[in-house]
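A closer look at the structure
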Amino acid sequence: MNGCIKCGECLTACHAYRHLRDQFSGPRRLAVEYPRFNDTSEEAFICTTCGYCEEVCPSELAITQAIVQMRGKMFPPQNEGQKKVLELAYRTDHSVEPKEYSAPEKGKTLLFPGCVGKGRLAGRPEEVIKLLTAAGAEPYIHPGLVCCGSPLSKMGAAEEVERLKNINYPLLSEAEKVVTVCPGCTTMINKSYGIAALHILEYLQDAELNFIDGDDVRVYLHHPCHLSRGVGPHVMDIAKEILDSMPGVTVLDCGSEKDCCGGGGGVLAAYPREAYATADLKVKEAQEAGADLIVAPCPFCAVNLRRPKRLKAVEMSEFLCSRLK
Amino acid sequence: MDCDVLVVGGGAAGCTMSYRLSKAGMNVALVTSGTPATAMSCGRIKVTEENKELRQFIRQAGEKYGLFTEEREVQAYTNKGTLYSQSFLSDYDDSSQARAAAGIEGNKDFNPDLAARITGRLTPYWIRQADLDETAESLKEIPEEMIIIPPLFDIRHYRSSMKKLEEQSGRKLREAVTPLSLPGKRLHECLIQAAKAAGTRVLEGRKVTDITAQSALIQSGIREQEMTYGALVLAGGNLISGGLVLDGNMVREPLLGINVTEVASTRLRSAELTEALSSGICAHGCRAAAGVYACGSIVAGMSYPLNKGLWDVMLNAWNAAEKVRDAL
């Protein structure tokens, strides 16, 4: 962190610093100044790990990683929301209460359904399976899969992450291909497990999907932080291309698409009110730009963006599925 | 081939280069990541050597957003109260007639006390950080007709919000010339948009990590993609923006490993480092190696320690674009 030139770009980029200045003193303080004195702060839990600070940092410092490391030092978290998520993980091996779903248990392409999908909140397994099938895959979900560990790693729960990884690892490594819906899972499986996994949009890039002539809809395409900055901005190019190819769909260009929804990195659990406020600002922007619908290629963002109830927000694979021929 | 020209660096030089080549009908890809020095600048441009086409490009790039709507050489107050010359004016840029300066508590871009002390002509005021309506109310209480404020709005909200703030407060507002603030970001954004509109494929948030003959490895998040090109343009800027790196005691261009200057001192305030900053890579007539071109402050003699500003950098890129086009 000695490469910090104190330019303050991270502060300008940080949505938490902008909107919650009373509570959050910003990425530079947390990632550069606190570690210098081996200090910690509860503020670390207000960061959504959106990574915008890292993107703009001229010194390319690993700011998010430093903040997550600080959380590790403070483990276990003291806030009620994350305590609940941890208890849930100990009890069910998932970060969201899993529900029943139906999907083939054998096939060629393993769909890693993710906790939000299994909890049937967004990116539901049945619809994603249908989409993958339409794209020519033979998808299946192994019933033994559990949480990838990504949300827990953001809380600093290193041991619990290892436990979950050991359950998933053999099931993932025996698969021919692994596809995920949630960008958090994509990054986790690639980087932490060392197993190649594609985000569903990357998988669909060369697929020939046939869409119905649906109703005209003006879409606000949300850029999920962990997809566009984590997995990579190329995925958003694919998302735009697919939406542009759909009859009746107009993708708006509002300029605020890259702003964080406010819910990631454990913030929805730890600071639900703050997560709501950030989402509300974003949805307002979409509304003012004349959008009919928010499409988010991340189940977690879709959940947070629909909380303000101003506009309908759907997970992208569900939207694609709803317009399949 | 994936593109005719691959431009590395999306600051003023890279955007100008991409715009001109795209306008000439070439297939251009622009790779950009991080914050270019252009976005950290004060976003004002002063013409040093005439070029009508470049003037027109800047006017057109800003027009849509209410930037650079007027061409007139004017001095404006900086955040420190000194004067700064500029040739392209946006509606809220000419602060030479202002008699009041309002700082906003918690906003470090502009300190009115400092500006007042240095100019002796401005009356300083402090107002609370608040939403637009409340800020307008606070400004209304200031008796002077024209007030300098820190930049508050990004490119999307600049024109509409400044207009609203003026209407509601009944005051004429001017923005201080501030580096590391919003005007630089607005300039950067409008140049990127101009390159896009001209047909450049802008690959944002991506980095060129390696170069082989006729192809580049581009990192996008956790993936890497190969891209083939006809020509490569290095427009990554000098040391601060990452076009050049300080590697041991050597200033080096990180992609091709071109050594620039040896630095005997590791101290930041050393004559050696200043020299390294001002040197850059040698690009004879903008050609640095076979099929490799350079423009902007990465080029020797084009950097800020030599008092080269945005206009010089853009003019260099504008002229270099012609040479790249002719060579292909």
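Residues numbered from 1 in each chain as written. Chains lettered and ligands numbered in written order. Predicted model: local features only at pLDDT ≥ 70, side-chain atom pairs only at ≥ 80, totals over all residues.

Per the secondary structure count, chain B includes nine helices and 17 strands. The C-alpha atoms of chain B give a radius of gyration of 21 Å, which matches the 20 Å a tight globule of 328 residues would have. If one aligns the C-alpha atoms of chain B with their principal axes, the spans along those axes are about 65 × 45 × 45 Å. When the 328 residues of chain B are sorted by exposure, 50% land in the buried category. (Helix = DSSP H or I, 4+ residues; strand = E, 2+ residues; numbered from the N terminus. Rg over C-alpha atoms; globule rule 2.2 N^0.38 Å. Buried ≥ 20, exposed ≤ 12 C-beta atoms within 10 Å, placed from the backbone.)

The next thing to look at is the overall build of chain A. Looking only at helices and strands, chain A features 18 helices and eight strands. Taken over C-alpha atoms, the radius of gyration comes to 19 Å for chain A, in line with the 20 Å a tight globule of 325 residues would show. Seen along its three principal axes, the alpha-carbon backbone of chain A occupies a region of about 60 × 45 × 35 Å. Looking at chain A residue by residue over its 325 residues, the buried ones come to 54%.

For the rest of this paragraph, the subject is the packing of helix 10 (residues 158-173) of chain A against helix 11 (residues 183-193) of chain A. Residues and elements named next belong to chain A. The interhelical angle for the contact between helix 10 and helix 11, taken along N-to-C directions, is 90°, at an axis separation of 12 Å. Considering their axes alone, helix 10 and helix 11 lie roughly perpendicular with respect to each other. On helix 11, the residues touching Lys-165, Tyr-169 and Leu-172 of helix 10 are Ile-189, Ser-192 and Tyr-193. Partitioning the contact of helix 10 with helix 11 into residue classes produces four nonpolar, one polar and one charged. (Axes fitted to C-alpha atoms, helices over the stretch in contact; angles between N-to-C directions. Parallel < 35°, antiparallel > 145°, perpendicular 65-115°, else oblique. Contact = placed C-beta atoms within 7 Å. Nonpolar A, V, L, I, M, F, W, Y, C, P; charged D, E, K, R; others polar.)

With that out of the way, let us pick up the domain arrangement of chain B. Residues and elements named next belong to chain B. Domains assigned within chain B are domain 1 (3-41 + 185-327) and domain 2 (67-178). When each unit is reduced to the centre of its C-alpha atoms, the spacing between domain 1 and domain 2 is 33 Å. Across the boundary between the two partners, domain 1 contributes four residues, which contact four residues of domain 2. The residue inventory of the side of domain 1 that touches domain 2, partitioned by class, reads one nonpolar, no polar and three charged. (Domains from an automatic or database assignment.)

Moving on: the pairing of strand 7 (residues 293-296) of chain A. Residues and elements named next belong to chain A. Direction of pairing for strand 5 (residues 217-221) relative to strand 7: parallel, over a ladder of three bridges. Counterpart to Tyr-220 in the pairing with strand 7 is Ile-294. Here strand 7 pairs with strand 8 (residues 312-315) via four bridges, running parallel. Bridge assignment links Ile-294 to a residue of strand 8, and that residue is Ala-313. (Pairing = 2+ DSSP bridges.)

This next bit is on the sheet that holds strand 15 (residues 259-262) of chain B. Residues and elements named next belong to chain B. Pairing within the open sheet is antiparallel, and its three strands lie in the order 13-14-15. Sheet topology places strand 13 (245-247) and strand 15 at the edges, where each strand pairs with a single neighbour. Adjacent strand axes in the sheet meet at a mean angle of 30° when their direction is disregarded.

This brings us to helix 6 (residues 158-169) of chain B. Residue and element names in this part refer to chain B. Helix length check: helix 6 (12 residues) gives 16 Å between terminal C-alpha atoms against 16 Å at 1.5 Å per residue, within 8%. Turning to helix 6, its buried residues are Tyr-158, Met-162 and Leu-165. Buried positions in helix 6, seen along its axis, are confined to an arc of 60° and lie on one side of it. Turned more than 90 degrees away from the buried face of helix 6, the exposed residues are Ser-160 and Glu-167. In this structure, the buried residues of helix 6 make contact with helix 5 (132-140), strand 8 (172-175) and helix 7 (182-197). Gly-170 sits one or two residues past helix 6 and shows a positive phi near 70°. (Expected span 1.5 Å × (residues − 1). Arc of directions from axis to C-beta.)

With 19 residues of chain A at the interface, the matching set in chain B holds 17 residues. Elements with a minimum of two residues in the side of chain A that touches chain B: helix 4 (52-56), helix 11 and helix 13 (225-231) of chain A. Of the residues belonging to the side of chain A that touches chain B, the class tally is six nonpolar, seven polar and six charged.

Moving on, we get to the domain arrangement of chain A. In many reports, interface size means the accessible area that the parts give up when they come together. Residue and element names in this part refer to chain A. Taken domain by domain, chain A comprises domain 1 (9-73), domain 2 (109-204) and domain 3 (217-322). Listed by contribution, the elements that provide at least two residues to the side of domain 1 that touches domain 3 are helix 2 (15-19) and helix 4. Its residues assigned to classes, the side of domain 1 that touches domain 3 comprises six nonpolar, five polar and one charged.

Residue and element names in this part refer to chain B. As for its position among the elements, Gly-66 is in the loop between helix 3 (52-63) and strand 3 (70-77). Here the alpha-carbon distance between Gly-66 and Ser-160, two residues 94 residues apart in the chain, equals 9.2 Å. If near-sequence neighbours (up to four positions away) are discounted, Gly-66 is found in contact with Ser-90, Asp-91, Tyr-158 and Arg-159.

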